[in-house]
Amino acid sequence: MSVVHPSPTGLQPILKPQAHHAPGNFFTKYIFSTDHKIIAIQFLFTTLLMLIVGGALALAVRWQLAFPWESMPIVGPWLFSAEAGQISPEFYTMLFTMHATVMIFLVIIPILAGTFGNLLIPLMIGADDMAFPKLNMLSYWFIWPAIICFGMSFAYAGGPAAGWTAYPVLADLPQAAPGSGTAQTLWLLGVTFVGFSSMMGSINYMTTIINMRAPGMTFFRLPLTIWGLFITAILQAFALPVLTAGGFMQVTDRLLGTCFFYPSGLIINNADPTIGGGQPLLWQHLFWFYSHPAVYIMLLPVMGMISDMLSCMVRKPIFGYRPMIFSMSAIASLGFIVWGHHMFTSGMNPAVGMAFMVATMMIALPSAVKTFNWTATVWGGKVEFNTVTLNCIGFLSMFVVGGLSGIFMAAIPVDVYFHDTYFIVAHFHYVLFGATLFGVFAGIHFWFPKMFGRMMNEKLGKTHFLLTFIGANGTFFPMHFLGMQGMPRRYADPYLHGYLEHLLPMNQFMTISAILMGSAQILLFINIFYSMFFGPKAGRNPWNATTLEWTAPSPPPHGNFDEPPIVFHGPNEYAVHNGDKDFLLQTEKECEPPKPSDTEPENNTDNDQETSS
Amino acid sequence: MGKGWCLFFLFWPVAAVVSCAMAPMVGWSFPYDNAQAASNLGIRIDGLFYLILFVTAVVFVGTQAVLVYALWRGSSNRDERATYTHGNHKLELIWSIIPGVILLFLALYQMNLWADFRIKKYFPEAAVKAPIAEVTARQFEWRFRYPAIGKELQPKPQSDDLYSVNELHVPFGKPVMIQLRSEDVQHSFFLPALRIKQDALPGLQIPVWFEANKEGVYDLVCAELCGWGHYKMKAHVIVESEADYQNYLKNLTQQQFYDGLGKIAANENDSESEATEK
Ligand code: HEM
Ligand SMILES: [Cu+2]
Ligand SMILES: [Cu+2]
């Protein structure tokens, strides 16, 4: 596949993909493309499409909570004609299951690794493509069988109804959840396909980053975006096989009666399945061993991207480049030993819970350090409030809320009360919607010119941000209060219970906010499609940024760079004196040392030897 | 324009803090009109909650204020260049160590509470010796099995056991323990007023203890997705005085073993069929 070339400067060997032929026809250029940039765009449009689907499902869930058992307007009669447009409790279960499934497996994971990973890794490290371009193409195309499986399970086979966590026995025994027979099996198959896709991606990213860096691009000169993606790829490579194994066991349980996950002596639907000998807790361990790291898979790339974008937007080097890398690594390694914090009430040995609790408390630390470093990056900067900046700040403020609510739940006695209530839902929406999606929005606006050669519209972008931020806080913040009042998650009708009766108005307020937030996304889509064709043309480096992708034409041609770039220093040299510019591209050699007046005295003994060229 | 955005970003933390401060007054806090937890352990849990709330509130207000201030200054920065710095070791050490110490303190501080709550060695002895009932969750109801008056709960159902559905009676002012089971899928025994939650796992019997400190009727709900009827596992826990509780058991016995002739038929071998729930 690949051949090793000695690098021109002799700095290090680079692994080059065998020069692939320039794309010939429409098919090889846009459909079965092996060009990482086209694959990134394919991922982008696919995940945005899925964002619409996932969003629509969310609005249906919210509709039920605001107007329980009332016919859904417009779509209701058409979707569920049998129930006069009303959502049945069975269907409600399927709605939130599929909402989470789509958002996690088809939106957030593929948009980060698939879109940004593909687009940025070769460009930022100065490679002409991924190490394995064909594998890369496959990783995109494996999303489609997943979409088809999920779609079929939902539309034709009754719908999986066991939540995205698929806890046995409910998910494991076809009789346990009426209607979920084949659907649940298809769902598991879909998850496996997503797993294959991610696995292919992560192998490719690791290989590419390790082997194909441009001469001079040492590990400690990699942009933090690449660090985020790199650590994510490692996480994925270690965690995914466990989920795949678990999923496989669940499939054999369902189809062959292997009983890994359910014990003997159950009475389900008034019948005794007669077989057993398994243990439902086993699934939870396997599942969270993957899915806890997975929540960081959904966040670390954004953390990296935010670092680079924020630094560019405030025209300052990132504060504490190395600590940022170490804290990401700490999050990743601690991330493997805290899965048990999802299981404090599960019946797992409570003494083990203590160890998980201490580890969980400690994982809050690197997250806190990162937050302080970002804030310090803004401090003393030159801020221009464009769409990218706004979304970065949106990320920061949402992430703080999500991180702090994590501390409540890390405290086991408090978590016991909050577990499986809306407090949890608030926590992970602040992190996953609030932080991740705002990071993604920032990333789309920031790298759009590189993808399409045109700028996005600022007015539309700002309005989109404004409405989304208001809508998100209006939707997710009150969830903390619902949780405090003890409203369990996944309830089709909480008002049935006396102590929750009074929560209807609060839920209605949240639903209205959610509708606002959902509608705001129309602006994003208009902006993307309009700007793709009619936006003002962007030059190579519209943001005056420093990393390698901005030295390539926008959009970069097949093979990326005019000539192989050579790197001379770290990734965020802003606020420097470089002629009439305040930034230094990684490929630029000349660097007047910054004037002493601009440098803080403590800085001399600092950790960035690589800045002196 | 920049200043406008700064104010926009300032608005949210202020709104968050104000709404949290308001929460207990407008009934957005713990259930039953923000009443204290109905168990002593629950009161300690609430204490831990408020401690963490205090710590996080300080951190939240602090970080947001600094962020907005930095943005404010940055947006009026007319200098040619921003400050050139790659970081500051001392500062970073300080802001790693201080939160580290606080987090470690929180972790160690709650160990006792957790041990008292869930680790069987620390359970009150009296409660462990005499579990008052076996609670069986099933799609979609709660079933309770009490031992006959004066007897102890046996692991296997006995012919003179007492049964009820969706209504658990317990005496207040003394620690009680239940044995939690599930007959089909996973459920979760959630008593918000007492801050108690424990998953019911098929195949396991999990002991749960609590001590209610107030009379009252409390909602018992299911907190683990257990199928389409998850939301309607509606039951009540009735906390009453010891005397009322004994009365209740007596009535239950009478109802259950009434043989149609006005005699109580408990302890007779043929009572099994009546003892089973209809
Ligand atoms: C940094 C990014 C984070 C992400 C993406 C994230 C995401 C999530 C998600 C998705 C869940 C819910 C899973 C489910 O039940 O469906 C969750 C639960 C949880 N998170 Fe986080 N979280 C993050 C940070 C933190 C931090 C910093 C802490 C601890 C200080 C934390 C502690 C917890 C705990 C204890 C739970 C389990 C709560 C329960 O189910 O009872 N998280 N998180
Ligand atoms: Cu249940
Ligand atoms: Cu349930």
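Residues numbered from 1 in each chain as written. Chains lettered and ligands numbered in written order. Predicted model: local features only at pLDDT ≥ 70, side-chain atom pairs only at ≥ 80, totals over all residues. Heavy atoms only, no water.

Peer 1: Requested: an account of the sheet that holds strand β9 (residues 216–222) of chain B, with residues and values cited.
Peer 2: Residues and elements named next belong to chain B. One open sheet accounts for five strands, arranged β4-β10-β9-β6-β7; its pairing is mixed. Strands at the two margins of the open sheet, each flanked by one partner only, are β4 (167–171) and β7 (196–200). Mean inter-strand twist for the sheet, computed between neighbouring axes without regard to direction, equals 20°. Two elements, β4 and strand β10 (residues 235–240), share five bridges in a ladder whose sense is parallel. (Pairing = 2+ DSSP bridges. Helix = DSSP H or I, 4+ residues; strand = E, 2+ residues; numbered from the N terminus. Axes fitted to C-alpha atoms, helices over the stretch in contact; angles between N-to-C directions.)

Peer 1: Account for the site of ligand 1, with residues named and values stated.
Peer 2: Residue and element names in this part refer to chain A. Neighbouring ligand 1 are 22 residues, the closest being Trp164, Asp415, His419, His427 and Arg489. In the model, an oxygen atom of ligand 1 is placed 3.1 Å from a nitrogen or oxygen of the Trp164 side chain. Within the side chain of Arg489, a nitrogen or oxygen atom sits 3.0 Å from an oxygen atom of ligand 1. At the level of elements, α9 (280–297), α12 (350–378), α13 (387–410) and α15 (422–452) are the ones that each hand at least two residues to the shell around ligand 1. Of the residues that constitute the shell around ligand 1, the class distribution is 14 nonpolar, six polar and two charged. (Near = heavy atom within 4 Å. Polar contact = N/O pair within 3.5 Å; in protein donor to acceptor, adjacent residues only side chain to side chain. Nonpolar A, V, L, I, M, F, W, Y, C, P; charged D, E, K, R; others polar.)

Peer 1: Before we move on, can you summarise the coordination of the iron atom of ligand 1 with the specific residues and values?
Peer 2: In this structure the iron atom of ligand 1 is ligated by exactly one protein donor, A:His427 (NE2), at 2.2 Å. Note that A:His427 resides in helix α15. (Donors = N, O, S within 2.8 Å, 3.2 Å for Na, K, Ca; no water.)

Peer 1: Help me get a handle on the sheet that holds strand β5 (residues 176–182) of chain B, residues and values and all.
Peer 2: All names here are of chain B. Pairing is mixed across the open sheet formed by five strands, whose spatial order is β3-β2-β1-β5-β8. Sheet topology places β3 (162–165) and β8 (206–210) at the edges, where each strand pairs with a single neighbour. Sheet twist, expressed as the average angle between the axes of neighbouring strands with direction ignored, equals 25°. For strand β1 (residues 133–138) and strand β2 (residues 141–146), the ladder comprises five bridges, and the chain directions are antiparallel.

Peer 1: Tell me about the interface of chain A and chain B, residues and numbers included.
Peer 2: Each partner contributes to the interface: chain A provides 120 residues, whereas chain B provides 95 residues. Its largest share of buried area at the contact with chain B, chain A owes to A:Phe385, A:Tyr417 and A:Tyr499, together 7% of the area lost on that side. For the interface between chain A and chain B, the tally reads 22 residue pairs in polar contact (both at pLDDT 80 or more). Broken down by element, the residue count for the side of chain A that touches chain B peaks at 15 residues, all from α12(A). Considered class by class, the residues forming the side of chain A that touches chain B number 73 nonpolar, 30 polar and 17 charged. (Contact = heavy atoms within 4.5 Å. Buried area = accessible area lost by both parts, 1.4 Å probe.)

Peer 1: Describe the coordination of the copper ion (ligand 2), naming the residues involved and giving the relevant values.
Peer 2: All names here are of chain B. Looking at the metal site, the copper ion (ligand 2) is ligated by His187 (ND1), Cys222 (SG), Cys226 (SG) and Met233 (SD), spaced 2.0 to 2.3 Å from it. Taken together, the four donor atoms surrounding the copper ion (ligand 2) define angles of 99 to 128° at the centre, an arrangement classified as tetrahedral. One chain supplies every donor to the copper ion (ligand 2), and in sequence these donors are spaced H-x34-C-x3-C-x6-M. Taken as an interatomic distance, the gap from the copper ion (ligand 2) to the copper ion (ligand 3) is 2.6 Å; Cys222 donates to each of them. With His187 in strand β6 (residues 187–191) and Cys226 in the loop between β9 and β10, this pair connects stretches of sequence that are 39 residues apart. Comparing His187 with Cys226 shows no difference in burial state: the two are buried. (Tetrahedral: all angles 85-135°; square planar, octahedral: opposite > 155°, others 65-115°. Buried < 20%, exposed > 50% of the residue type's maximum accessible area, 1.4 Å probe, protein only.)

Peer 1: A description of a nonpolar patch on the surface should follow, citing residues and the corresponding values.
Peer 2: Taken together, the side chains of B:Leu7, B:Leu10, B:Val14, B:Val18, B:Met22, B:Met25, B:Val26 and B:Trp72 present a nonpolar region at the surface, about 730 Å² in accessible area. Among the elements that take part in the nonpolar patch, helix α1 (residues 2–26) of chain B stands out by supplying seven residues, more than any other. (Patch = residues over 30% accessible without salt bridge, like charges linked within 9 Å, V, L, I, M, F, W, Y side chains within 5 Å. Areas by Shrake-Rupley, 256 points an atom, 1.4 Å probe, with all protein chains shown as cover. Salt bridge = Lys/Arg side-chain N within 4 Å of Asp/Glu carboxyl O.)

Peer 1: So what's going on with the side chain of A:Thr547? Which residues, and what values?
Peer 2: Residue and element names in this part refer to chain A. Tracing the chain through its elements places Thr547 in the loop between α17 (504–534) and β3 (574–578). Since its relative accessible area comes to 6%, Thr547 is described here as buried. In terms of polar contacts, Thr547 uses its side chain to reach the side chain of Glu549, at 2.8 Å. Apart from residues lying up to four places away in sequence, Thr547 is in contact with Met124, Pro223, Pro571, Leu585 and Gln586.

Peer 1: Explain the packing of helix α4 (residues 89–125) of chain A against helix α6 (residues 143–155) of chain A residue by residue, including any values.
Peer 2: All names here are of chain A. At a minimum axis distance of 11 Å, the contact between α4 and α6 shows a crossing angle of 175°. As the angle between them shows, α4 and α6 are arranged roughly antiparallel. For the pair α4 and α6, contact is made by Phe91, Met94, Leu95, Met98, Thr101, Phe105, Leu106 and Pro110 and by Ile143, Ala146, Ile147, Phe150 and Phe154, respectively. In terms of residue class, the contact of α4 with α6 is built from twelve nonpolar, one polar and no charged. (Parallel < 35°, antiparallel > 145°, perpendicular 65-115°, else oblique.)

Peer 1: Tell me about the environment of A:Ile234, residues and numbers included.
Peer 2: Considering the arrangement of structural elements, one finds A:Ile234 in helix α8 (residues 224–256). Measuring from C-alpha to C-alpha, the distance between A:Ile234 and A:Met206 comes to 7.2 Å, with 28 residues separating the pair along the chain.

Peer 1: Break down the packing of aromatic side chains for me, with residues and values.
Peer 2: Aromatic rings considered in pairs are described by the distance between their centres and by the relative angle of their planes. Residues and elements named next belong to chain A. If you walk through the whole model with that rule in mind, you get 78 aromatic pairs over all chains. Taken together, a centroid distance of 6.0 Å and an interplanar angle of 90° make the contact between Trp164 and Trp288 edge-to-face. On the criterion of sequence distance, the pair formed by Trp164 in the loop between α6 and α7 (181–211) and Trp288 in helix α9 is long-range, its members being 124 residues apart. For Trp164, a relative accessible area of 10% gives the class buried. Relative to Phe399, the ring of Phe395 has its centre 5.7 Å away and its plane inclined at 5°; by these criteria the two rings are stacked. Of this pair, Phe395 and Phe399 both sit in helix α13, four residues apart, which is roughly one turn of the helix. For Phe395, a relative accessible area of 0% gives the class buried. (Phe/Tyr/Trp six-rings, centres within 6.5 Å; stacked < 30°, edge-to-face > 60°.)

Peer 1: Got a sec to walk through the confidence of the model for chain B? Specific residues and values, please.
Peer 2: For chain B, per-residue confidence averages 89 on the pLDDT scale, and residues scoring 70 or more make up 93% of the total. Confidence estimates for the predicted assembly give a pTM of 0.90 and an ipTM of 0.91. (pLDDT = per-residue confidence, 0-100.)

Peer 1: Run through the pairing of β6(B), naming residues and quoting values.
Peer 2: All names here are of chain B. Taking burial as the measure, the five residues of β6 include five buried ones, the bulk of the element. Here β6 shows two buried faces, one formed by His187, Phe189 and Leu191 and the other by Ser188 and Phe190. Where β6 and β7 come together, five bridges link them in antiparallel fashion. Across the sheet, Phe190 pairs through a bridge with Lys197, a residue of β7. Between β6 and β7, which follow one another and run antiparallel, lie four residues, and Arg195 among them has a positive phi close to 60°. In this sheet, β9 lies alongside β6 in antiparallel orientation, the contact comprising two bridges. Note that in β9 the partner of Phe190 across the bridge is Val221.

Peer 1: Outline unusual backbone geometry, listing residues and values.
Peer 2: With an omega of -15°, the peptide bond running from A:Ser554 to A:Pro555 counts as cis. Residue B:Phe140 is bonded to the preceding B:Gln139 through a cis peptide linkage, with omega at -10°. Turning to its location among the elements, B:Phe140 is positioned in the loop between β1 and β2.

Peer 1: I'd like a description of the pattern of salt bridges, backed by residues and values.
Peer 2: Residues and elements named next belong to chain B. A full pass over the atoms with the stated rule returns 16 salt bridges over all chains. Here Arg145 ties to Glu134 by a salt bridge, and the two come within 3.1 Å at their closest N and O atoms. Placement of the pair is Arg145 in strand β2 and Glu134 in strand β1, with a sequence separation of eleven residues. For Glu134, a relative accessible area of 5% translates into the label buried. Of the charged contacts, one joins Lys174 and Glu242 as a salt bridge, the two residues approaching to 3.3 Å between their closest N and O atoms. Residue Lys174 is located in the loop between β4 and β5, and its partner Glu242 is located in helix α7 (residues 242–257); the two are separated by 68 residues in the primary sequence. Salt bridges here are not isolated pairs; linked through shared partners, they connect Glu134, Arg145, Asp161 and Arg181.

Peer 1: Give me the lowdown on the nonpolar core, citing residues and values where you can.
Peer 2: Formed by 290 residues in total, the largest nonpolar core has its most connected members in B:Phe9 and B:Trp142. A per-element tally of this core places α4(A) first, with 25 residues. Mapping this core onto the domain boundaries places at least three of its residues in each of domain 1 (3–76 + 91–120) and domain 2 (127–257) of chain B. By size, the runner-up hydrophobic cluster in this structure holds six residues, among which are A:Phe319, A:Ala368, A:Val369 and B:Trp95. (Core = buried A, V, L, I, M, F, W, Y, C linked by side-chain atoms within 4.5 Å. Domains from an automatic or database assignment.)

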